[in-house]
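Geometric and topological summary
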Amino acid sequence: MKKLLVLTFALAIAFFATACGGNSTHTEEPADSEPVNDSDQTEEPAETDEEPVEEPDDQPAENTTPENFNPENPGYFVEFIIADINMANQPQTLATGYFMKAAREDLNPHAGVDESTFDTCTFGESIENVPQCTSKADCAPEQDCVPSYDSQSGQAIANSEHCETPGRESLDVGPITVSGFNGGPYQFAYEPGDQAYKLNGTGDGTIPAEMIAYGVDYTISGENMLPDDLDSLSATFSMPPSFAILEPVPQPNASGGFGDIINVTPGQPLTIKWVGNNGLGYIDVNFMVMKSLMEQVAITCRMVDDGEFTVPAEFTSEMQLSQGDSGSPFGDMLGMMNMITVNRHVEAPITGKGITAGTFSAEQMVLYTLGNN
């Protein structure tokens, strides 16, 4: 089951825009981290005749921008993800997270998704990366310049170089509570084997599929956590409806494959419709096209989650599929490799006393088989 968790989690991560798209040589690069407004965290000192006491290290408000980040008093970074994956109509669900001492890159505004890429398509398996550094000299003194790595091949991702703080470790800060699940709320605790937060602190990170509720608010919270400089956290996001393409109408896949068939007419615009999330969050749709045994084309479109997007004809013109040899091993293989991978993302920033930055997020991943009209 541990291997299954790694595979499903890697598939979910593979379509994030930032290091949510691959693993670095150190820790997973936080995805879409946003600066947290900690202005409400500063307490007024009580009037007293005693000498003023030095401000404790549980108020990292000065860390809310990369320029003001203090590595000597970093506060904490937390990331928690709920992933809902449906491959070949076989659902896999997981919920897991981690705490770390915060790092400057957690507050980097360029680490998030570039909104200028919304409602666009590009050739390639992901939206093109822009390197943030070329050497350590481009980074802060405590950081190194490193690439992200593909979670499946282990190869460095081109143009993914970024500044990252080495040597960060996942921490046990005590139990947290997540509500929104069916039958919840549920407690999540640190599991030392994988150094990650899991349901009741056990297992491999997967959760029963029937726990996932759609169209409701999910909230993460924690109180009186273990370190002296960490006290509380909270965040809420609205889980979108369960994702399904409504148009073109999916066709049953009699030959198996990765899921129902979405037929495309090469050279004609392709309008995709689904139940949107009121424009909150975004969706990455990756088309993997085997034009022949030796020619593979990948196209990625990033869509605002509003329920409709049209893929331009210049991209569908490259979706002419190889017919292969019906019934032959190579023909069957080519057919199965024509895929549409949909990854829906929504998140909210995590705030709290002692929290410098963090994200509470959900991913819905659905696979379809790509076909031709």
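Because the structure is predicted, anything quoted here is derived from the model rather than measured.

1. Considerations on the overall build of the protein
Scanning the protein from terminus to terminus reveals three helices and 19 strands. When each of the 373 residues of the protein is scored for burial, the buried share is 49%. Within the protein, contacts between residues separated by at least 24 positions form 69% of all contacts whose residues are at least 6 apart in sequence. As presented, the protein carries roughly 17,300 Å² of accessible surface, and 50% of it is formed by carbon and sulfur atoms.

2. Here we look at the environment of Ala213
Among the structural elements, Ala213 can be located in the loop between strand 10 (196-199) and strand 11 (217-223). What makes Ala213 buried here is its relative accessible area of 8%. Sequence separation of Ala213 and Phe181 is 32 residues, and the distance between their C-alpha atoms is 5.4 Å. Not counting chain neighbours up to four residues away, the residues in contact with Ala213 comprise Gly180, Asn182, Tyr218 and Met239.

3. Some thoughts on the pattern of salt bridges
Tallying each qualifying case throughout the model produces 10 salt bridges. With a shortest N-O distance of 3.1 Å, Asp229 and Lys101 are connected by a salt bridge. With Asp229 in the loop between strand 11 and strand 12 (232-238) and Lys101 in strand 3 (residues 90-101), the pair connects residues that are 128 residues apart, well separated along the chain. The class for Asp229 is buried, based on a relative accessible area of 17%. Taken together, the shared-partner salt bridges in this structure form one network comprising Glu105, Asp106 and Arg168.

4. Notes on the pairing of strand 16 (residues 295-304)
Walk down a regular strand and you will see the side chains alternate between the two sheet faces. Most of strand 16 is tucked away: eight of the 10 residues are buried. Alignment of strand 15 (residues 282-292) against strand 16, held across 10 bridges, turns out to be antiparallel. For Tyr282, the partnering residue across the bridge sits in strand 16 and is Val304.

5. Re the state of the cysteines
The full count for this structure, using the stated rule, is three disulfides. Here Cys121 pairs with Cys301 through a disulfide, and the sulfurs are 2.0 Å apart. Disulfide Cys121 to Cys301: torsion about the S-S bond roughly 105 degrees, handedness right-handed. Here Cys121 is found in strand 4 (residues 120-123), whereas its partner Cys301 is found in strand 16, with 180 residues between them in sequence. For the residue pair Cys121 and Cys301, the accessibility class agrees, reading buried in each case. Here Cys139 connects covalently by a disulfide to Cys163, the sulfurs 2.1 Å from one another. Disulfide Cys139-Cys163: torsion about the S-S bond near -85 degrees, hence left-handed. Of this pair, Cys139 sits in the loop between strand 4 and strand 5 (144-146) while Cys163 sits in strand 7 (residues 162-164), placing them 24 residues apart in sequence. Take Cys139 and Cys163: they sit in the same class, and that class is buried. Here the cysteine-cysteine linkages of the protein are recorded as 1-6, 2-4, 3-5, numbering only bonded cysteines and doing so in sequence order.

6. Observations concerning the confidence of the model for the protein
Chain-level pLDDT for the protein is 80 on average; 75% of the residues reach the 70-or-more range. Scored below 50 in pLDDT, residues 1-59 makes 131 contacts in the model with residues more than four places away or belonging to other chains.

Reading the values: the criteria
- Residues numbered from 1 in each chain as written.
- Predicted model: local features only at pLDDT ≥ 70, side-chain atom pairs only at ≥ 80, totals over all residues.
- Heavy atoms only, no water.
- Helix = DSSP H or I, 4+ residues; strand = E, 2+ residues; numbered from the N terminus.
- Buried < 20%, exposed > 50% of the residue type's maximum accessible area, 1.4 Å probe, protein only.
- Contact = heavy atoms within 4.5 Å.
- Areas by Shrake-Rupley, 256 points an atom, 1.4 Å probe, with all protein chains shown as cover.
- Salt bridge = Lys/Arg side-chain N within 4 Å of Asp/Glu carboxyl O.
- Pairing = 2+ DSSP bridges.
- Disulfide = S-S within 2.5 Å.
- pLDDT = per-residue confidence, 0-100.

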